[in-house]
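Structural features, examined
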Amino acid sequence: MLDPSSLPVNPTAVKTTHLSQRHSTEVRPIKADILVIDDTPENLHLLSTMLSERQYKVRSVTKGSTGLRGAIAAPPDLILLDINMPEMNGYEVCEQLKAHETTCDIPVIFISALGDVLDKVNAFNVGGVDFITKPFHVDEVLARIQTHLTLHRLQQQQQAHTLRLQQEIDNRRRAEETFKKSFNASPSPIAVTRLSDDTFIAVNPSFLRLSGYSQPEIMGKTTAELAMWQDQSHYQAAISQVSLNDSFDNEELEYKTRQGDLRIVLASIKKIVLDGEPCALTIINDITERKRLENEFISVVSHELRTPMHSLAGALDLLSTGELGVLTEQGQQILSVATTNAERLIRLVNDILDLERLKSGKMSVNRSNCNIANLVTQAVESMQAMADNAQVQLQVQSMSVPVTVDCDRILQTLTNLLSNAIKFSPAGGTVLLTVELDKPTLEEPASSNTLQTVPQLHITLSDQGRGIPFEQLETIFERFQQVDASDSRRKGGTGLGLAICRQILQQHGGRIWAESTLGQGSTFHVCLPTGSPV
Ligand code: ADP
């Protein structure tokens, strides 16, 4: 037999918080509380003694109504109930116990001298759990009490478990509903893609609206298959960053709709794990109109600035010739500072306009035949004076490859990369420019639908300068992005050079990216299709 002292019933707690107690799984090893209702004092005495000896806590009353009040006021764990009592018999007491919220779950065992079948059936009908016939055997009573206490405890545990499950189901249902409603109603386009293979697994209606695709057209496809990003490598770099750093915030990307329209979006990507699978949650905001206005503003301001800037530079130049009078030494110094600043402003205005024209497609690629070796030589020659000034050695490992490119623009790219490498190199440092021919890649010429293989040039520019922090290797290709805010002042740059280079390469179907080790140097890689199919 079980030790009643270990039974998980808590009469005190039941008294105060009976409802919650009924569903609680809290198990406290204290004595079970048994209420005995019997109008025969000898029976009461016998049962009380027998139970008290077994460590049960016993309350005994001789009247049904008193027992009922006592059970409601302080619900016991089990009730032993006599049937034949004056004033209110056991059946009535049991019926009222079962009708009351506080006592309805308490197991009631009837004890009676009446032994015929009808009494037993009645006892069960009114809600009793068992029936013991007097005269009873002590061990039988104890065994039945024990069994019903255990059953009751298991029942309570089961109820609590079911309630918990139900609550959990409700919580999940509510969370799912909240998520679903927010996802579907979000004004920002949202997409979830698998990080392993970039396939779409969920998109919201805003995303469908922006993309122009229907749900079935998107699901299971990759962004590359749908050619959604104008610069797929830029997007891939963002995704790599998400894989490494968990998130990627507010990056400007160019998004291509089903109809081929180009939209500028601000994308934030966060790594999430769904069913154990790492996924990318991408939230984008269409800022095309905002960008258009911004670019228009910059372009108008730049145009307005360019004419007075040129006339200012002309005036300064005239002053420096001495034709208008000889300046004092201090005057010449001030003039030289003014000339440097005027030149920088002109460079800035020109770069802004250049970038704006490149981005808006107003400046198309003007391809002609040239040789990469010549472009490299021209670039190095034009930068040699700057390198000598900075005491930087320029080394070149070039090769002769005919290319069909916009020669001026590629020269501009090489010059800009060389100028940066020299600017950020220490005196005595070396800048190495190499040219290699990479394996051919597939390219679709505008004139036909067939794919052709086009050889790629791989140009690298390595320096031994201060290097670029890892997290800025991508952002430096955005306009006005500089590793150090003082770079433009100290090094005379505009923060637009690399953005222009990237635009030029994109227009050639090529790529540019950087690698760097802080304190050791940087390498800029350029992949450029030669433009001539093999
Ligand atoms: P800038 O006119 O300022 O050089 P760029 O767009 O060409 O503009 O370069 C952006 C920024 O990238 C630079 O200001 C500098 O902070 C960083 N950068 C570019 N090239 C290098 C390099 N070779 N070494 C270190 N930092 C570089």
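Residues numbered from 1 in each chain as written. Predicted model: local features only at pLDDT ≥ 70, side-chain atom pairs only at ≥ 80, totals over all residues. Heavy atoms only, no water.

A separate point is the overall build of the chain. When helices and strands are tallied, the chain shows 16 helices and 17 strands. Total accessible area computed for the chain in this model is approximately 27600 Å², and 54% of it derives from carbon and sulfur atoms. (Helix = DSSP H or I, 4+ residues; strand = E, 2+ residues; numbered from the N terminus. Areas by Shrake-Rupley, 256 points an atom, 1.4 Å probe, with all protein chains shown as cover.)

Before going further, it helps to spend a moment on the sheet that holds strand β10 (residues 277–286). Two orientations exist for strands paired in a sheet by backbone hydrogen bonds: parallel and antiparallel. Strand order in the open sheet formed by 5 strands is β7-β6-β10-β9-β8, and the pairing between neighbours is antiparallel. Sheet topology places β7 (200–203) and β8 (247–256) at the edges, where each strand pairs with a single neighbour. If you compare each strand with its neighbour and ignore which way they point, the axes differ by 30 degrees on average. The pairing of strand β6 (residues 190–194) with β7 spans 3 bridges and is antiparallel. Each residue of the ladder has a partner; that of Thr193, found in β7, is Phe200. (Pairing = 2+ DSSP bridges. Axes fitted to C-alpha atoms, helices over the stretch in contact; angles between N-to-C directions.)

With that settled, consider the packing of aromatic side chains. Each pair of aromatic rings is reported with the distance of its centres and the angle of its planes. Evaluation of the coordinates by the stated rule reveals 7 aromatic pairs. Residues Tyr91 and Phe110 carry aromatic rings whose centres are separated by 5.8 Å and whose planes lie at 55 degrees to one another, so their mutual orientation is tilted. Of this pair, Tyr91 sits in helix α5 (residues 90–99) while Phe110 sits in strand β4 (residues 108–112), and the two are 19 residues apart along the sequence. Residue Tyr91 shares its accessibility class with Phe110, and that shared class is buried. Ring geometry for Trp229 and Tyr235: centres 5.0 Å apart, planes at 15 degrees, overall stacked. Both residues of the pair, Trp229 and Tyr235, count as buried. (Phe/Tyr/Trp six-rings, centres within 6.5 Å; stacked < 30°, edge-to-face > 60°. Buried < 20%, exposed > 50% of the residue type's maximum accessible area, 1.4 Å probe, protein only.)

Applying the stated criterion across every chain yields a total of 1 disulfide. Note on cysteine connectivity: Cys370 is disulfide-linked to Cys407, with sulfurs 2.3 Å apart. Between Cys370 and Cys407 the sulfur-sulfur dihedral comes to about -100 degrees; the bridge is accordingly left-handed. In this pair, Cys370 is assigned in strand β11 (residues 368–371) and Cys407 in helix α14 (residues 407–423), connecting sequence segments 37 residues apart. (Disulfide = S-S within 2.5 Å.)

Bringing the pattern of salt bridges into the picture now. In total, this model carries 23 salt bridges according to the counting rule given. One salt bridge connects Glu87 with Lys63, and the closest N-O pair in it is separated by 4.0 Å. Of the two residues, Glu87 sits in the loop between β3 (78–82) and α5 while Lys63 sits in the loop between β2 (57–61) and α4 (64–73), which places them 24 residues apart along the sequence. Classification of Glu87 by relative accessible area gives exposed; the value is 56%. (Salt bridge = Lys/Arg side-chain N within 4 Å of Asp/Glu carboxyl O.)

One simple way to see leftover space: roll a probe sized like a water molecule over the atoms. Roughly 690 Å³ of internal volume is contained in the second largest pocket. The element best represented in the lining of the second largest pocket is α14, accounting for 7 residues. Per-class residue counts for the lining of the second largest pocket are 11 nonpolar, 15 polar and 8 charged. Built from parts of two domains, the lining of the second largest pocket gets at least three residues from each of domain 3 (287–363) and domain 4 (365–534). (1 Å grid on protein atoms, 1.4 Å probe; cavity = no way out; pocket = protein on both sides within 12 Å on 5 of 7 lines; lining within 4 Å. Points joined across faces, edges and corners; volume = space filled by probe spheres on them. Nonpolar A, V, L, I, M, F, W, Y, C, P; charged D, E, K, R; others polar. Domains from an automatic or database assignment.)

The tally for this structure, following the rule as stated, stands at 5 cavities of 30 Å³ or more. Counted as a void, the second largest cavity has a volume near 80 Å³. Every residue along the wall of the second largest cavity is listed here: Asn295, Ile298, Ile352, Leu355, Glu356, Lys359, Arg479, Phe480 and Leu496. Counting residues per element, the lining of the second largest cavity draws most heavily on helix α12 (residues 329–359), which supplies 4 residues. A class-by-class count of the residues in the lining of the second largest cavity yields 5 nonpolar, 1 polar and 3 charged. Taken together, domain 3 (287–363) and domain 4 (365–534) each give at least three residues to the lining of the second largest cavity, which thus spans both.

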